[in-house]
Amino acid sequence: MPEIISVSSGKGGAGTSTLAVNMAMRLQDAHGPTLLVDCDLLMANSHVLLNVRPTADLIDVLEGLCDWRVATQKLPNGMSLLSGRTAANILVESEAERLNDFMDTLKTTAHEFSYIIVDMPAGAGAVVMNAVSVSDHSMVVLLGQATSFVDAYALIKSCYLEKNVTSFYAIVNMVTSAERAKTIFDNFERTVSKLLPIKLIYAGYMPRMPEINSCSVHGRLIDYDVMKGCIFPKIDSILSSLFEKEPLYTVSNPVTLYSDEP
Ligand SMILES: Nc1ncnc2c1ncn2[C@@H]1O[C@H](COP(=O)(O)OP(=O)(O)OP(=O)(O)O)[C@@H](O)[C@H]1O
Ligand SMILES: [Mg+2]
């Protein structure tokens, strides 16, 4: 069965999609066949970050219009993407029920994948709680901001109270140093452990990088050398704390996602 890893943050704009996309790429390169599912039902953007134009998406699957394997695209680096839809005209709460069933289907039938990364929307609604509850590993993205602490706490509390989820990994995003990231995590962990019986594990950090922001502003892919030199080592360290083991195999020069196509 594939291992399902959900990436959420509570607060919008914390870097969830950026981290989910990069984790999926590294899992594919160094661990095994990986599917990225964009569960941001209303404002999906993983496909934008990956420069992909989907012909079918998760909403088509949830509405029974096509099989999930038909809606899944294989990208040049070998990873697979089940895109969400941008500006979908749907009722999120009713889709959340269907999504729950769909996640169970993935868990029991997507045998061709070793890993499924789930990119989550902001908030702590039914979609987020359902997907977190079926995940093998739940990751929460934190920023060094009071609003991020409050929203991440609300997400963790809802998942605990509604779905009895008792363990989360935390990634600190957009920080200036490793020390600062650890301080942010320690402060958050102290607050959470005072109030809830939750095991919060530090999984690592991603520095604030102007290259990441500028690529998303201009809608282009991050330069591969920047990815290889600066982003992937941090993602690898996050993944190894998640699995507490070395990669099963390593592709030294993975096929990149880059092509000249717009
Ligand atoms: N480590 C980073 N350094 C600099 N900018 C970053 C970093 N991580 C994310 N960003 C930027 O922050 C913005 C939000 O990122 P992203 O879309 O990944 O967040 P999100 O949590 O998925 O947002 P949403 O709530 O819209 O789903 C983007 O402009 C992105 O480029
Ligand atoms: Mg997002």
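Presented here is an overview of the structure given in this document. From a predicted model like this one, the values you see are computed outputs, not experimental measurements.

Reading the values: the criteria
- Residues numbered from 1 in each chain as written.
- Chains lettered and ligands numbered in written order.
- Predicted model: local features only at pLDDT ≥ 70, side-chain atom pairs only at ≥ 80, totals over all residues.
- Core = buried A, V, L, I, M, F, W, Y, C linked by C-beta atoms within 7 Å.
- Buried ≥ 20, exposed ≤ 12 C-beta atoms within 10 Å, placed from the backbone.
- Helix = DSSP H or I, 4+ residues; strand = E, 2+ residues; numbered from the N terminus.
- Contact = placed C-beta atoms within 7 Å.
- Axes fitted to C-alpha atoms, helices over the stretch in contact; angles between N-to-C directions.
- Parallel < 35°, antiparallel > 145°, perpendicular 65-115°, else oblique.
- Left-handed = near helix turned anticlockwise from the far one by under 90°.
- Pairing = 2+ DSSP bridges.
- Near = placed C-beta within 6 Å.

### A short note on the nonpolar core
For step 1, the next point in the chain: Within the largest apolar cluster, 78 residues are counted, with the highest numbers of intra-cluster contacts made by Ile-117, Leu-142, Ala-170 and Ile-171.
For step 2, the next point in the chain: By residue number, the principal contributor to this core is helix 1 (residues 16-30), which donates 8 residues.
For step 3, the next point in the chain: Excluding its chain neighbours within four sequence positions, the residues that come into contact with Ile-117 are Ile-5, Val-7, Ala-20, Met-23, Ala-24, Leu-27, Thr-34 and Leu-36.

### So, the packing of helix 7 (residues 146-163) against helix 8 (residues 178-195)
For step 1, the next point in the chain: Close contact between helix 7 and helix 8 brings their axes to 11 Å; oriented N to C, the two are set at 40°. Between helix 7 and helix 8, the interaxial angle falls into the category oblique. Here helix 7 and helix 8 pass one another in a crossing that is right-handed. Across the interface between the two elements, Phe-149, Ala-152, Tyr-153 and Ile-156 of helix 7 pack against Phe-188, Thr-191 and Val-192 of helix 8.

### Some thoughts on unusual backbone geometry
For step 1, the next point in the chain: The backbone of Asn-51 shows a phi angle near 60°, a positive value even though the residue is not glycine.
For step 2, the next point in the chain: As for its placement among the helices and strands, Asn-51 is situated in the loop between helix 2 (46-49) and helix 3 (58-62).
For step 3, the next point in the chain: What makes Asn-51 partly exposed here is the crowd of 15 C-beta atoms within 10 Å.
For step 4, the next point in the chain: The residue Met-174 is not glycine, and still its phi comes out positive at about 60°.
For step 5, the next point in the chain: Mapped onto the elements of the fold, Met-174 is located in strand 7 (residues 167-175).

### Some thoughts on the environment of Leu-196
For step 1, the next point in the chain: By the element assignment, Leu-196 lies in the loop between helix 8 and strand 8 (199-207).
For step 2, the next point in the chain: It is 30 Å that separates the C-alpha atoms of Leu-196 and Arg-98, two residues lying 98 residues apart in sequence.

### Let's talk about the packing of helix 5 (residues 92-109) against helix 6 (residues 126-134)
Packed helices, taken two at a time, are described by their axes: the angle between them and the distance between them.
For step 1, the next point in the chain: Two elements in contact, helix 5 and helix 6, have axes separated by 8 Å at closest approach and are oriented at 15°. With respect to each other, helix 5 and helix 6 are oriented roughly parallel. As helix 5 runs across helix 6, the sense of the crossing is right-handed. Across from Val-92, Glu-93, Ala-96, Leu-99, Asn-100, Met-103, Asp-104 and Lys-107 in helix 5, the residues of helix 6 making contact are Ala-126, Val-127, Asn-130, Ala-131 and Val-134.

### What to know about the pairing of strand 6 (residues 137-142)
The side chains of a regular strand alternate, residue by residue, between the two faces of the sheet.
For step 1, the next point in the chain: For strand 6, the tally of buried residues reaches 5 of 6 residues, placing the bulk of the element in the interior.
For step 2, the next point in the chain: Of the strand pairs in this sheet, strand 1 (residues 3-8) and strand 6 are connected by 4 bridges, and their pairing is parallel. Along strand 6, the bridge assignment pairs Ile-5 with His-137.
For step 3, the next point in the chain: The sheet contact formed by strand 6 and strand 7 spans 4 bridges and is parallel. Note that in strand 7 the partner of Met-139 across the bridge is Tyr-169.

### A short note on the site of ligand 1
For step 1, the next point in the chain: Close to ligand 1 lie 18 residues, the nearest being Gly-12, Gly-15, Ser-17, Thr-18 and Ser-216.
For step 2, the next point in the chain: Put simply, the parts of the chain that give the shell around ligand 1 at least two residues each are helix 1, strand 7 and helix 9 (210-218).

### With respect to the sheet that holds strand 7
For step 1, the next point in the chain: With mixed pairing, 8 strands are arranged side by side in an open sheet as 3-4-2-5-1-6-7-8. In this open sheet, the two strands that pair with only one neighbour each are strand 3 (73-74) and strand 8.
For step 2, the next point in the chain: Running over the sheet, helix 6 touches strand 1, strand 5 (115-119) and strand 6 and is turned about 145° from strand 1.

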